[in-house]
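Geometric and topological summary
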Amino acid sequence: MRKYIIMGVQGCGKGTQAARLKEAYDLVHISVGHIFRWNIQAHTKLAARIKRIMAEGQLVPDEIVEEIMRRRLDEHDWNYGFILDGFPRNRPQAEFFLETYDIDAVILIDVPDKVVLQRILARRLCEKCGLDYNLMFHRPAKDGTCDVCGGKLITRSDDNQEAVASRLQDYHEKTAPIIDLFKKKELVVAVDGTKKPDQIQADIRKQLKLL
Ligand code: AMP
């Protein structure tokens, strides 16, 4: 059983690296942002409570996040482990999580703010299947169209300059301190996120001693 958290500033490549680990080691990839976006697309009751907060790049209140995570983790649908992406994002969430679960490692992807800003503004998402694209590194074969399902590629409503600035500030004020907490527990493995995705994945596997 492998239980990991993947952390790093928005746009550092967490989603890409988590997806590769999931594929290779049969892990369940749990992304809170993805669960929230699914709710917004499906116009659920929850969507009404989180839509504006997300569009502004603010953090969703802890009680909502904790409820969603409790329900998701209670599904126990992993045989080989899980990788959490986008959670925990502050100290109360970290404490909530550690009350019930332990983890094997926290993967930290290091990328400077100015690099992520350029990347985030180039980010696109398939509105149908949710696949991520980036106009800098992973362009679709046909402009504006998903290679896999033919869906339309859209920009996330929170991938604009103001919302990104707000998310970066939140990361440095609220999320970075919990990395120190995990460092004290000697759980953190840090990789240089400015390298190519294949190299980053290789660095992660090496540090986690995965075959
Ligand atoms: P992400 O896909 O991880 O960039 O998350 C997108 C947005 O979802 C964030 O900007 C927040 O508004 C919300 N969100 C995701 N995860 C959390 C979390 N752990 N705590 C609070 N808000 C979150």
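Residues numbered from 1 in each chain as written. Predicted model: local features only at pLDDT ≥ 70, side-chain atom pairs only at ≥ 80, totals over all residues. Heavy atoms only, no water.

We now examine the overall build of the protein chain. Broken down by element type, the protein chain carries eight helices and eight strands. In terms of overall dimensions, the protein chain has C-alpha extents of about 45 × 40 × 35 Å along its principal axes. When burial is assessed residue by residue, the protein chain has 46% of its 211 residues classed as buried. The long-range share in the protein chain, meaning contacts at least 24 apart out of those at least 6 apart in sequence, stands at 69%. Accessible area for the protein chain stands at about 11,500 Å²; split by element, carbon and sulfur atoms hold 50% of it. Seen as two clouds, the 34 positive and the 31 negative side-chain charges of the protein chain have centres 3 Å apart. (Helix = DSSP H or I, 4+ residues; strand = E, 2+ residues; numbered from the N terminus. Buried < 20%, exposed > 50% of the residue type's maximum accessible area, 1.4 Å probe, protein only. Contact = heavy atoms within 4.5 Å. Areas by Shrake-Rupley, 256 points an atom, 1.4 Å probe, with all protein chains shown as cover. Lys, Arg positive; Asp, Glu negative; His and termini not counted. Charge placed at Lys NZ, Arg CZ, Asp CG, Glu CD.)

Attention shifts here to the packing of helix α5 (residues 91-100) against helix α7 (residues 161-184). With their axes 9 Å apart at the nearest point, α5 and α7 run at an angle of 40 degrees to one another. Here α7 runs oblique to α5, going by the angle between their axes. Along its contact with α5, which presents Arg91, Ala94 and Leu98, the element α7 presents Lys174, Ile178, Leu181 and Phe182. Taken together, the residues of the contact of α5 with α7 sort by class into five nonpolar, no polar and two charged. (Axes fitted to C-alpha atoms, helices over the stretch in contact; angles between N-to-C directions. Parallel < 35°, antiparallel > 145°, perpendicular 65-115°, else oblique. Nonpolar A, V, L, I, M, F, W, Y, C, P; charged D, E, K, R; others polar.)

Right, let's talk about the nonpolar core for a bit. Within the largest apolar cluster, 58 residues are counted, with the highest numbers of intra-cluster contacts made by Phe36, Ile107 and Phe182. Per-element tally for this core: the top contributor is α7, with seven residues. For Phe36, the contacting residues outside a window of four places in its chain are Leu46, Ile50, Met54, Val60, Ile64, Val65 and Ile68. (Core = buried A, V, L, I, M, F, W, Y, C linked by side-chain atoms within 4.5 Å.)

Now for unusual backbone geometry. Following Phe87, the chain continues to Pro88 via a peptide bond in cis, the omega torsion being -5 degrees. Assignment of secondary structure puts Pro88 in the loop between β3 (81-85) and α5. Despite not being glycine, His76 has its phi angle at roughly 45 degrees, a positive value.

Moving on: the pairing of strand β8 (residues 188-192). Covered by surrounding structure in β8 are Val189 and Val191 only, the residues Val188, Ala190 and Asp192 on the alternate face being uncovered. Sheet analysis places strand β4 (residues 105-110) next to β8, joined by five bridges and oriented parallel. Note on β8: the bridge partner recorded for Leu108 is Ala190. (Pairing = 2+ DSSP bridges.)

Next up on the list: the pattern of salt bridges. The tally for this structure, following the rule as stated, stands at 16 salt bridges. The salt bridge involving Asp198 is made with Arg20; its shortest N-O contact spans 2.7 Å. Taken together, the positions of Asp198 in helix α8 (residues 197-207) and Arg20 in helix α1 (residues 14-25) put the pair 178 residues apart, joining distant regions of the chain. The partner of Asp203 in a salt bridge is Lys195, and the shortest N-O contact between them spans 2.9 Å. Residue Asp203 is classed as buried on the basis of its relative accessible area, which comes to 15%. Lys195 sits in the partly exposed class, given a relative accessible area of 36%. Put simply, Arg123, Arg156, Asp158, Asp159 and Arg167 are held in one network by salt bridges that share partners. (Salt bridge = Lys/Arg side-chain N within 4 Å of Asp/Glu carboxyl O.)

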